Amino acid sequence: MMTENSTRRITLLGSTGSIGTNTLAVLGEFSDKFTVKYLTAHQNWQKLLMQAQAFRPVAVCLTGIAPDLAIENAFKNLGIDTWWGEAGLIEIASQTDTDIMINALVGAIGLKPTLLAIETGKNIALSNKETLVMAGELVMQAAQKKGVTVIPIDSEHSAIFQCLTGEKAESIERLILTASGGPFWKRDPDTFKDITIAEALKHPNWNMGRKITIDSATLMNKGLEVIEAHWLFNIAPARINVLIHPPSIVHSMVEFVDGSIKAQLGVPDMKIPIQYALSYPARWKNSQITRFDLSQHFKLEFYPPDYTKFRTLDLAYAALETGGTASAILNAANEAAVQAFLDEKIQFQQIAETIESALNHFSHIKTPELQDLLQADQWARTFVAESII
Ligand code: MG
């Protein structure tokens, strides 16, 4: 274990994305507390090179481009090794000279590295949704066995994690996940077929990647978060509720058995949950973060979600209830359907229809191994690809 004064050694998977960039902003602010050992990116090697110049990791990995000598040399000039592809990612997740692995990967590719990092005793700061959506049971069991902490980076789960700090499990009545509602929560569902990609990519409060922005518009993002919350906090699905909260000021809440409700509030800035995952259980002063001005007029509006309009939310609860491989199918079918929407192959409302069809056509396995989950993931992608031609 580390002592209070030693620097924490960091592996950051997905350093050039929106979470990765914010993570490096936090790490840069507290450079006396951290040493960055490994960084990975998908394709943006120029940005990765700039980050490597600033943070001087021992190695980097590029997962989305073929090995390239010129790129390798650019990193070599800084004394940094370059690894490639999923094999390189696995290699980095398996290194033992790291205390915390921040998993900010997008997609199913994030699952194996999390399991390997747990195997090698690293604490996990988790942003990759697929890890818990696909394999929540396996991952949390492995973490418990190894005695490592999985701390959520997502704003909602961080809010719940913060509300639960100091509380006993038997005190919890229910978790309340807030959702912005996305751009369409007031829109007439009869016009959903006319939704354009540009409209769906316009998120009212958060600036995020394309896939998660579409997930916010369909509310699938909240569905995936319900599944993650179930595994992270070990709370039955029926005791996890969703509320539409358009201003995104309350990041989530916990209701306790005595009727008290705790909420975590703040500006919508991912640096807050990222920093908490790294400073936990301490809190650090960060001058980069804008303060929420409570003296300004603001409304705390909450509305129940419309489950018939946003069917993805219902599908997520159903998948959680089915258990086993169902959430992996839900996740992969969603990823493929969102891509099909972005490629203008299906309409907005067909995203939910496609996922439901995948869930209905798969023979679910009750207690899957990792291999079964990965196969279910592949099956769902193929199913979606074949059903939208
Ligand atoms: Mg979220």
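Read on for a plain summary of the structure.

What counts and how
Residues numbered from 1 in each chain as written. Predicted model: local features only at pLDDT ≥ 70, side-chain atom pairs only at ≥ 80, totals over all residues. Heavy atoms only, no water. Salt bridge = Lys/Arg side-chain N within 4 Å of Asp/Glu carboxyl O. Helix = DSSP H or I, 4+ residues; strand = E, 2+ residues; numbered from the N terminus. 1 Å grid on protein atoms, 1.4 Å probe; cavity = no way out; pocket = protein on both sides within 12 Å on 5 of 7 lines; lining within 4 Å. Points joined across faces, edges and corners; volume = space filled by probe spheres on them. Buried < 20%, exposed > 50% of the residue type's maximum accessible area, 1.4 Å probe, protein only. Core = buried A, V, L, I, M, F, W, Y, C linked by side-chain atoms within 4.5 Å. Domains from an automatic or database assignment. Contact = heavy atoms within 4.5 Å. Donors = N, O, S within 2.8 Å, 3.2 Å for Na, K, Ca; no water. Phe/Tyr/Trp six-rings, centres within 6.5 Å; stacked < 30°, edge-to-face > 60°. Lys NZ or Arg CZ within 6 Å of the ring centre and 35° of its normal.

## Thoughts on the pattern of salt bridges
Thought 1: A full pass over the atoms with the stated rule returns 16 salt bridges.
Thought 2: The shortest N-O distance in the salt bridge between E225 and K129 comes to 2.8 Å. Of this pair, E225 sits in helix α10 (residues 220–233) while K129 sits in helix α6 (residues 129–146); the two residues are 96 residues apart in sequence, bridging distant segments of the chain.
Thought 3: Salt bridges sharing common partners tie together K129, D154, E156, K222, E225 and E228.

## Remarks on empty space enclosed by the protein
Rolled over the atoms, a probe sized like a water molecule indicates the empty space that remains.
Thought 1: A complete count under the given rule lists 2 cavities of 30 Å³ or more for this structure.
Thought 2: Of the voids in this model, the largest cavity is the one considered here, and its volume is about 60 Å³.
Thought 3: Around the largest cavity, the lining is made up of 11 residues, and of these S155, H251, Q264, I272 and P273 lie nearest the centre.
Thought 4: Broken down by secondary-structure element, the contributors of at least two residues to the lining of the largest cavity are α7 (155–164) and α11 (271–279).
Thought 5: Of all the elements, α7 adds the most residues to the lining of the largest cavity, at 4 residues.
Thought 6: Of the pockets and cavities examined, the second largest cavity occupies roughly 40 Å³.
Thought 7: L126, S127, L132, P152, I153, D154, H157, E228 and L232 together form the lining of the second largest cavity.

## Some remarks on unusual backbone geometry
Thought 1: For the peptide bond that leads from Y280 to P281, omega is 5 degrees, which places it in the cis range.
Thought 2: Tracing the backbone through its elements, the reader meets P281 in the loop between α11 and α12 (311–322).
Thought 3: The phi angle at R56 is positive, at roughly 50 degrees, despite the residue not being glycine.
Thought 4: Using a relative accessible area of 48% as the deciding quantity, one classes R56 as partly exposed.

## Focus on the nonpolar core
Thought 1: Formed by 120 residues in total, the largest nonpolar core has its most connected members in L175, F233, L278, L330, F341, F348 and I351.
Thought 2: Of the residues forming this core, the biggest block, 12 residues, is contributed by helix α13 (residues 326–342).
Thought 3: Mapped onto the domain boundaries, this core takes at least three residues apiece from domain 1 (8–152) and domain 2 (157–322).
Thought 4: In this view, F348 contacts F184, F192, I195, A200, A217, T218 and F341; residues no more than four positions away in its chain are not counted.

## Some remarks on the coordination of the magnesium ion
Working reference: metal with six octahedral donors, ideal angles 90 or 180 degrees; metal with four tetrahedral donors, ideal angle 109.5 degrees.
Thought 1: Coordination of the magnesium ion by the protein involves D154 (OD), E156 (OE) and E225 (OE), with metal-donor separations of 2.1 to 2.4 Å.
Thought 2: Each donor residue of the magnesium ion belongs to the same chain, with the gaps between them written as D-x1-E-x68-E. Of this pair, D154 sits in the loop between β7 (150–152) and α7 while E225 sits in helix α10, placing them 71 residues apart in sequence. By the burial criterion, D154 is buried, and E225 matches it.

## Focus: the packing of aromatic side chains
Thought 1: Scanning all chains against the criterion turns up 15 aromatic pairs.
Thought 2: An angle of 55 degrees between the planes, with centres 6.3 Å apart, marks the rings of F184 and F192 as tilted. For the pair shown, F184 and F192 are each scored as buried.
Thought 3: Site record: aromatic cluster; members linked through ring pairs are F184, F192, F310, F341 and F348.
Thought 4: The ring of W284 carries the charged tip of K33 above its face, separated from the ring centre by 4.7 Å.

Scope: geometric values only; no functional claims are made or implied.
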